[in-house]
Amino acid sequence: CPESTCLDGFVQTLEWGPSGGAISGPGVTGVYWDPASAGVGIHTLIYVLGTDTASCSVEVTATPDATILTEGPFCANDGPVLLEAATAGGTWTGAGVLGAFFDPTTVAAGTYTIEYAVGEGVCSSTASATWTVYPAPEIPYIGIGGESLVADNTGVAANTIQWYTASGELVEGATDILFATPVDGQAYTVLVTNGYGCSTMSAPFTFISTGVAHASPSDWRVWLDPHGALQSNQSLDEVHWMDLTGRHIAAPEKGTYLIARVRSGNQWQTLRMVWVP
């Protein structure tokens, strides 16, 4: 039998014997077999010599289709994108390509050509696609401006800004650099989106009001001992350490000013203190 091949495979010369008989089947013309004429499928070729018959089967597969299905553009901070083509199992090449993924974070903003090849020899196909990677905004950060929060590092004025709670709830109407009505003890994030539609989210930031008074009776005292350990004349059920911007920290450091937010039962205190060994 001829070798199995694809629709675009070469025309093959048939061999048989003893001579004197006739061979027939899909794609057979005289002493040649043409896979394109046979079509996709498994075909039976028959050789008849007198009263004797011999047959064999040969398969024709579709020629691989390298058409690239993945579409751009992408943002420079997008996660890895799975690359897909009409026929799987081929090889991807190009800047930002990692196996079967394209990772925009590994290339600079710009335009890139990605290539895909599948199959071997005459039964192969190649394709290419050109994608644009747009710049993403820098990561914004949040600071305190009096009793308000201020988003910084937000880029050009044309960028759009949206505030959220740390749990992902959109803060209605909070679409400016200045967020004037934060809630004491609530954590927030800010999302910046540029003109390309690429967005970057800040880290969560907990707002601690500088006007918060002790919420406990005057007999509840909290202080730092010389070893940096928090002491209290009541049992402490919850302790949060923050720097003066409201960012959470693991523990105080020597000589640093910080905020301690502590709970005893249903009472809270917010204190400014410094560890002086």
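Scroll up to find the structure.
Starting from 1, residues in each chain are numbered consecutively following that chain's sequence as written. At least 70 in pLDDT is required for a residue's local features to be given in this predicted model, at least 80 for side-chain atom pairs to be given and counted, and no such filter applies to totals for whole chains, interfaces and linings, which use all residues. Derived side-chain values reflect all non-hydrogen atoms in the structure, with water molecules and hydrogen atoms excluded from consideration.

Draft legend 1. Up close: the overall build of the protein. Under the scheme used here, helices are H or I runs from DSSP no shorter than 4 residues and strands are E runs no shorter than 2 residues, and both carry numbers assigned from the N terminus. Within the protein, the regular secondary structure consists of 1 helix and 26 strands. For 277 residues, the compact-globule formula gives about 19 Å, and the C-alpha radius of gyration of the protein, at 36 Å, lies well above that figure. With the C-alpha coordinates aligned to their principal axes, the bounding extent of the protein is approximately 115 × 45 × 35 Å. Only protein chains enter the accessibility calculation, which uses a 1.4 Å probe. A residue is then buried if its area is under 20% of the maximum for its type, exposed if over 50%, and partly exposed in between. Across the 277 residues in the protein, those meeting the buried criterion constitute 36%. Atoms counted for the radius of gyration: C-alpha only. Globule rule: 2.2 Å times the number of residues to the power 0.38.

Draft legend 2. Inspection of the state of the cysteines at higher detail. Disulfides are defined as pairs of cysteine sulfur atoms found within 2.5 Å of each other. Within the structure shown, the criterion is met by 3 disulfides. In this model, Cys-1 is linked to Cys-56 through a disulfide, with the two sulfur atoms separated by 1.9 Å. Taking the torsion about the sulfur-sulfur bond, which here is approximately 85 degrees, the covalent link between Cys-1 and Cys-56 counts as right-handed. A residue pair is termed long-range when its members are at least 10 positions apart, and Cys-1 in the segment before strand E1 (5–6) and Cys-56 in strand E7 (residues 52–61) qualify at 55 residues. Overall, Cys-1 belongs to the exposed group, its relative accessible area being 54%. Assessed through its relative accessible area of 25%, Cys-56 is described here as partly exposed. Note that Cys-75 is cross-linked by a disulfide to Cys-198, the S-S spacing being 2.1 Å.

Draft legend 3. Broad picture of the pairing of strand E25 (residues 257–264). Among the 8 residues of E25, 6 are classified as buried, and the element is accordingly described as predominantly covered. Strand pairing is assigned whenever DSSP detects at least two bridges linking the two strands. The sheet contact formed by strand E24 (residues 238–242) and E25 spans 5 bridges and is antiparallel. The partner of Val-239 across the bridge, within E25, is Val-262. Bridge count between E25 and strand E26 (residues 267–274): 8 bridges; the pairing is antiparallel. In the sheet register, Ile-259 faces E26, and the bridge partner there is Arg-272. Between the end of E25 and the start of E26, which pair antiparallel, lie 2 residues, with Gly-265 showing a positive phi angle near 65 degrees.

Draft legend 4. Structural view of the nonpolar core. By nonpolar core is meant a set of buried Ala, Val, Leu, Ile, Met, Phe, Trp, Tyr and Cys residues that side-chain atoms within 4.5 Å join together. Counting 17 residues, the largest nonpolar core has Trp-92, Phe-102, Tyr-116 and Trp-131 as the members making the most contacts within it. When contributions to this core are tallied by element, the ones reaching two or more residues are strand E13 (110–120) and strand E14 (123–134). With 4 residues, the single largest contributor to this core is E13. In what follows, a contact means two residues having at least one pair of non-hydrogen atoms within 4.5 Å. Sequence-distant contacts of Trp-92, that is, excluding residues within four places in its chain, are made with Ile-68, Leu-83, Glu-84, Ala-85, Val-97, Gly-99, Ala-100, Ile-114, Glu-115 and Tyr-116. Counting residues in hydrophobic clusters, the runner-up holds 13 residues, among them Leu-149, Trp-163, Val-171 and Ala-174.

Draft legend 5. Looking closely at the sheet that holds strand E5 (residues 32–33). The 3 strands lie next to each other as E2-E5-E4, forming an open sheet whose pairing is antiparallel. Every interior strand has two partners, whereas the edge strands, strand E2 (12–13) and strand E4 (28–29), have only one. Of the strand pairs in this sheet, E4 and E5 are connected by 2 bridges, and their pairing is antiparallel. Paired with Thr-29 across the two strands is Tyr-32, which belongs to E5.

Draft legend 6. Broad picture of the sheet that holds strand E16 (residues 148–152). On the basis of which strands lie adjacent, the open sheet formed by 3 strands has the order E15-E16-E18 and antiparallel pairing. One side of each edge strand has no neighbouring strand; the edge strands of this open sheet are strand E15 (141–145) and strand E18 (178–179). Strand direction decides the pairing type here: E16 and E18, joined by 2 bridges, are antiparallel. What sits directly across from Val-150, in E18, is Leu-178.

On their own, these measurements won't tell you what the molecule is for.
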